[in-house]
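In case you want the letters, here they are:
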Amino acid sequence: MEWSLIKVNGKQSIYNLNRKDLFEWAKAKSISSFYALKIWENLYRKKITSFPEMSDLKLDIINILDQSFYFNHLELVEVQESSDDTVKFLLKLEDESLIESVLMDHKFGKSVCVTTQIGCNIGCNFCASGLKPKMRDLEVYEIISQILRVQDYLDKKTKEKITHVVVMGIGEPFDNYDNVMKFLSIINDDRAFAIGSRHITVSTSGLSPKILDFAKEDIRANLALSLHAPNNKLRSQLMRINNVYPIESIFAALKEYIQITNKRVTFEYIMIKDFNDSLKEAKELVDLIEPIKKFAYVNLIPYNPVFETGYERSSESSMNSFFDFLSKHKIRCVMRREHGSHIDAACGQLRSRYIK
Ligand code: SF4
């Protein structure tokens, strides 16, 4: 039997709908918005996972729901807990594909990093996920289920709530744009997870046209750009996508993004030994960012070595000099704290151990 990602026995996962979809479906079935809201809250407030258990619904509504939708299954294959409270989840989807989600502990709360694609075609050659080609995009329900699964883990452990979401796991979110936007609408929904847009960050490798689309979305989530090099020569060596959307095209899109949203952009910069970590690159980075300096924030990230890539982490002194140079030139930057360095914390590393 061929596996259908959207429909199982003619039904789709209830988690594939955002509130607007659910209300439209309910209207078409002559279910009032009063009951549609109850269904929504049963799903995301009460976290009920079967329709018959939704005791505040009439039986005929439960029957219609049962005929139209099902609850998809997400199997927990492995959980890795780090001493710094980072937890990495390896999850199996219904078609047996493996994905990862990461829960991170911060002073400001609990944040979850979600996966949006199985594999990734962007081809960053410093990344474990980039070593495996994209098999497919994740559906909305498969992204939302990661949040539900991690919240379930927290409910059982500490009862803390997820406060932040970063769309930075395996995959390029803007290459799965519509599903990711729908996912954002669910986590941002005040009757669902109610995670404020300022607590949501989407990270892109720089698909310029989608940066402009993102600027026009109702949800004003934060944007992060994986820059990693201050010029096209170096960046193209690291990220094949730079041959399609070079730095000039990305920065033109970012300037427009800033004009529309008035929001800051975070630049992610992985520090790789003897590659992008000298003062020459620091100066180039300062010059590149100068025109949008007021809206820029640089995250310097110690590289988490991936065995297959051959890259090494910058030395402590190179990272400090780089950081000092940026700070001296009034570029706001931070040296990011590592998460889970003794577990397989680099994106895709846990998954890649299972896929040979
Ligand atoms: S870093 Fe992100 S965009 Fe690049 S290959 Fe890895 S998963 Fe894809």
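From a predicted model like this one, the values you see are computed outputs, not experimental measurements.

**Some details on helix α3 (residues 59-68)**
Okay, so step 1: Listing the buried residues of α3 in full gives I61, I62, L65 and S68. The buried side chains of α3 occupy one side of the element, clustering within an arc of 135° when seen end-on. Exposed residues lying more than 90 degrees from the buried face of α3 are L59 and Q67.
Okay, so step 2: Its buried side turned inward, α3 meets β2 (11-13), α1 (19-28), α2 (33-44) and β3 (69-70).

**With respect to helix α9 (residues 279-289)**
Okay, so step 1: Listing the buried residues of α9 in full gives E281, A282, L285, V286, L288 and I289. One side of α9 holds all its buried residues, which, seen down the axis, span an arc of 165°.
Okay, so step 2: Those residues of α9 that are buried are in contact with α7 (232-238), α8 (247-261), β13 (265-271), β14 (296-302) and α10 (316-328).

**What about the packing of aromatic side chains?**
Aromatic ring pairs: the centre-centre distance and the angle between the two ring planes describe each pair.
Okay, so step 1: A full pass over the atoms with the stated rule returns 15 aromatic pairs.
Okay, so step 2: Ring geometry for Y269 versus F322: centroids 5.1 Å apart, planes at 35°, classification tilted. Of this pair, Y269 sits in strand β13 while F322 is found in helix α10, placing the two residues 53 residues apart along the sequence. By the burial criterion, Y269 is buried, and F322 matches it.
Okay, so step 3: Just above the ring of Y297 sits the side chain of R264; from NZ or CZ to the centre is 4.0 Å.

**Quick look at the environment of F69**
Okay, so step 1: If you trace the backbone, F69 turns up in strand β3.
Okay, so step 2: Through-space distance from the C-alpha of F69 to that of N9 is 9.5 Å; in sequence the pair is 60 residues apart.
Okay, so step 3: Setting aside chain neighbours within four positions, we find F69 in contact with K11, Q12, S13, I14, L17, W25 and F51.

**Regarding the sheet that holds strand β11 (residues 200-204)**
Okay, so step 1: The strand order across the open sheet built from 10 strands is β4-β5-β6-β7-β10-β11-β12-β13-β14-β15, with neighbouring strands paired in mixed fashion. Bordering the open sheet on either side are β4 (75-81) and β15 (333-335), each of which pairs with just one other strand. Along the sheet, successive strands turn relative to each other by an average axial angle of 20°, direction set aside.
Okay, so step 2: Pairing between β4 and strand β5 (residues 87-92): 6 bridges, direction antiparallel. Paired with E75 across the strands is K92, a residue of β5.

**Re the layout of surface pockets**
Any space left empty among the atoms is revealed by the rolling of a water-sized probe across them.
Okay, so step 1: Roughly 340 Å³ of internal volume is contained in the second largest pocket.
Okay, so step 2: If you tally residues by element for the lining of the second largest pocket, the top one is helix α4 (residues 140-157), at 6 residues.

**A look at the pattern of salt bridges**
Okay, so step 1: One pass over the structure, following the stated rule, counts 21 salt bridges.
Okay, so step 2: Residues D189 and R19 are paired through a salt bridge, measuring 2.9 Å at the closest nitrogen-oxygen approach. One end of the pair, D189, is in the loop between α5 (177-188) and β11; the other, R19, is in helix α1, and 170 residues separate them in sequence.
Okay, so step 3: With a relative accessible area of 10%, D189 lands in the buried category.
Okay, so step 4: The class of R19 is partly exposed, set by a relative accessible area of 24%.
Okay, so step 5: A salt bridge links R191 to E41; the shortest N-O distance between them is 2.7 Å.

**Some details on the nonpolar core**
Okay, so step 1: Core analysis: the largest hydrophobic core is formed by 113 residues, its most contacted members being L184 and F267.
Okay, so step 2: In terms of residue count, α4 provides more of this core than any other element does, 9 residues in total.
Okay, so step 3: Setting aside chain neighbours within four positions, we find F267 in contact with L225, L227, F251, L254, I289, I292, A296, Y297, V298 and N299.

**A short note on the pairing of β13**
Okay, so step 1: With respect to burial, β13 is a largely interior element, 7 of its 7 residues being buried.
Okay, so step 2: Both faces of β13 are covered, namely the face carrying V265, F267, Y269 and M271 and the face carrying T266, E268 and I270.
Okay, so step 3: Of the strand pairs in this sheet, β13 and β14 are connected by 7 bridges, and their pairing is parallel. Across the sheet, T266 pairs through a bridge with Y297, a residue of β14.

Conventions we followed
- Residues numbered from 1 in each chain as written.
- Predicted model: local features only at pLDDT ≥ 70, side-chain atom pairs only at ≥ 80, totals over all residues.
- Heavy atoms only, no water.
- Buried < 20%, exposed > 50% of the residue type's maximum accessible area, 1.4 Å probe, protein only.
- Helix = DSSP H or I, 4+ residues; strand = E, 2+ residues; numbered from the N terminus.
- Arc of directions from axis to C-beta.
- Contact = heavy atoms within 4.5 Å.
- Phe/Tyr/Trp six-rings, centres within 6.5 Å; stacked < 30°, edge-to-face > 60°.
- Lys NZ or Arg CZ within 6 Å of the ring centre and 35° of its normal.
- Pairing = 2+ DSSP bridges.
- Axes fitted to C-alpha atoms, helices over the stretch in contact; angles between N-to-C directions.
- 1 Å grid on protein atoms, 1.4 Å probe; cavity = no way out; pocket = protein on both sides within 12 Å on 5 of 7 lines; lining within 4 Å.
- Points joined across faces, edges and corners; volume = space filled by probe spheres on them.
- Salt bridge = Lys/Arg side-chain N within 4 Å of Asp/Glu carboxyl O.
- Core = buried A, V, L, I, M, F, W, Y, C linked by side-chain atoms within 4.5 Å.

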